[in-house]
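# Observations on chain architecture
What follows is each chain in one-letter form.
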Amino acid sequence: LEIAPITYDFASYLALAEMERRKRGLNKLHIVIVPGRRLEKEFDDYQHIVTPQMRQARIMDMLAPLAKLLPSCVDLTICASKSEAASLRFASAAHIWPGGYSPTFPVSPHHRLVRDRARQGEAVFPVFTAPREAMETVQQTLAPQLEGALPVVITLREYGYNPARNSNIEAWGAFARGLDKTQHRAVFIRDTQTASDPIPQALDGQIIYTPASYDPVLRMAAYELAYMNLAVMHGPMELCWYNQACTYGLFLEAGTAPQNTEEAMINQGFNLHGDLPFATARQHWYWQGDTHDTIAHAFDDMVTRIEKNPPETEMQAGHKHD
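Now for a quick tour of the structure. (Residues numbered from 1 in each chain as written. Predicted model: local features only at pLDDT ≥ 70, side-chain atom pairs only at ≥ 80, totals over all residues. Heavy atoms only, no water.)

### Topic: unusual backbone geometry
The omega angle of the peptide bond from W97 to P98 is 0°, so this bond is cis rather than trans. The amide bond that connects F125 to the next residue, P126, takes the cis arrangement and shows omega of -5°. By secondary structure assignment, the location of P126 is in the loop between α5 (112-119) and α6 (132-146). A positive phi angle, close to 50°, is found at E147, a residue other than glycine. Within the secondary structure, E147 is located in the loop between α6 and β3 (150-155). Positive phi, close to 65°, is recorded for H273, a residue that is not glycine. Structurally, H273 is set in the loop between α11 (262-267) and β8 (283-286). You can call H273 exposed: its relative accessible area is 52%. (Helix = DSSP H or I, 4+ residues; strand = E, 2+ residues; numbered from the N terminus. Buried < 20%, exposed > 50% of the residue type's maximum accessible area, 1.4 Å probe, protein only.)

See the structure below:
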């Protein structure tokens, strides 16, 4: 955490570690989290939105649960100091990744390496999978509310940092109200930062699955069980990227923030106006804003993709979709 952000980008680092594990022919991963300056200080506009206390909490609330989604991760150490990390690094570990790492001079591979290695033909999947008990919890909670309809899980960005990238909640609410509820029901997962705030009027009467806002494991289970996932592109959707069982349509309008200009996206290794190089046939990016019309069009397009490449999940078993 000297150089790595405490965000859902951790998902991409875990994917890289898993790819490296397979490449080296190793059986398991031991994830080590090392404290560093990004716990105390971030750049100013982010520092005021995600405070040091919030970043500290994210270690247990975000990073540790993400490691649980990786079946090959059999051990997780959250170091109290760099000296503890140095002991693991130099006295215990037989295999190290990233290569050349030390707590004194940390290195962190750019997450674009996942995309680059995929383009070179290296397999990315499998990476994440939701634990069975989490799948059962989500299914038991949502099934009575769905009343036999297929779940369309909509993840909202309602974030104080770069609000121009936030979800168009009015459009998402209108889309949800327009669904044939005998066939499909919207299930909203709100932003972690705002999940306890009053429900926006646009979402009145909608299913909101609050536990997933706070628990990445339940979030992953909801994504895996969904008939489809729809969202603007933001951090939590990296869970869907690395789970081949997830079906998703993601919206990204380039240029709404410095991080997603066309130049920035190219520098990060994305296929501009295309999909991730390892995406399945049921995983697609829509390079547009989330207006009501674009959401409705994307939904119809995703239904076609699903019908051509049907998913198989427990929540959908037994439901007949014409």
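Now that the structure has been shown, we can carry on.
### A closer look at the side chain of T294
Tracing the chain through its elements places T294 in helix α12 (residues 292-308). Overall, the relative accessible area of 15% leaves T294 in the buried class. Beyond its immediate stretch of four places on either side in the chain, T294 contacts F251, Q288 and G289. (Contact = heavy atoms within 4.5 Å.)

### A few points about the sheet that holds strand β7 (residues 248-251)
Taken together, the 6 strands give an open sheet; going across it, the order is β5-β4-β3-β6-β7-β8, and neighbouring strands pair in parallel fashion. Of all strands in the sheet, those with a lone pairing partner are β5 (207-208) and β8, marking the two edges. As judged from the 2 bridges shared by strand β4 (residues 184-189) and β5, these two strands associate in the parallel manner. Looking across to β5, one finds that F188 is bridged to I208. (Pairing = 2+ DSSP bridges.)

### Points about the environment of L230
Looking at where L230 falls in the secondary structure, it is placed in strand β6 (residues 228-232). Assessed through its relative accessible area of 0%, L230 is described here as buried. Taking the C-alpha atoms as reference points, L230 and E262, separated by 32 residues in sequence, lie 22 Å from one another. Not counting chain neighbours up to four residues away, the residues in contact with L230 comprise V152, V153, I154, T155, W172, F175, G249 and M302.

### Focus on the pairing of β7
The alternating pattern of β7 places Y248 and L250 and G249 and F251 on opposite faces, both of which are buried. Here β7 runs beside β8; their pairing, made up of 4 bridges, is parallel. Within the sheet, the bridge partner assigned to F251 lies in β8 and is Y286.

### Focus: the packing of aromatic side chains
Throughout the structure, instances matching the rule amount to 12 aromatic pairs. Seen in terms of ring centroids, W172 and F251 are 5.7 Å apart; in terms of plane orientation they differ by 80°. Their pairing is edge-to-face. Highlighted residues: W172 in helix α7 (residues 169-178) and F251 in strand β7, separated in sequence by 79 residues. Comparing W172 with F251, the two get one shared label, buried. Ring centres of W285 and W287 lie 5.4 Å apart, and the angle between their planes is 40°; this geometry places the pair in the tilted category. Residue W285 is classed as buried on the basis of its relative accessible area, which comes to 3%. Here a set of aromatic residues connected by ring pairs shows up, and it is made of F125, F128, W241, Y242, F270, F278, W285 and W287. Its guanidinium or amino end placed over the ring of F270, R115 lies 4.0 Å from that ring's centre, counting from NZ or CZ. (Phe/Tyr/Trp six-rings, centres within 6.5 Å; stacked < 30°, edge-to-face > 60°. Lys NZ or Arg CZ within 6 Å of the ring centre and 35° of its normal.)

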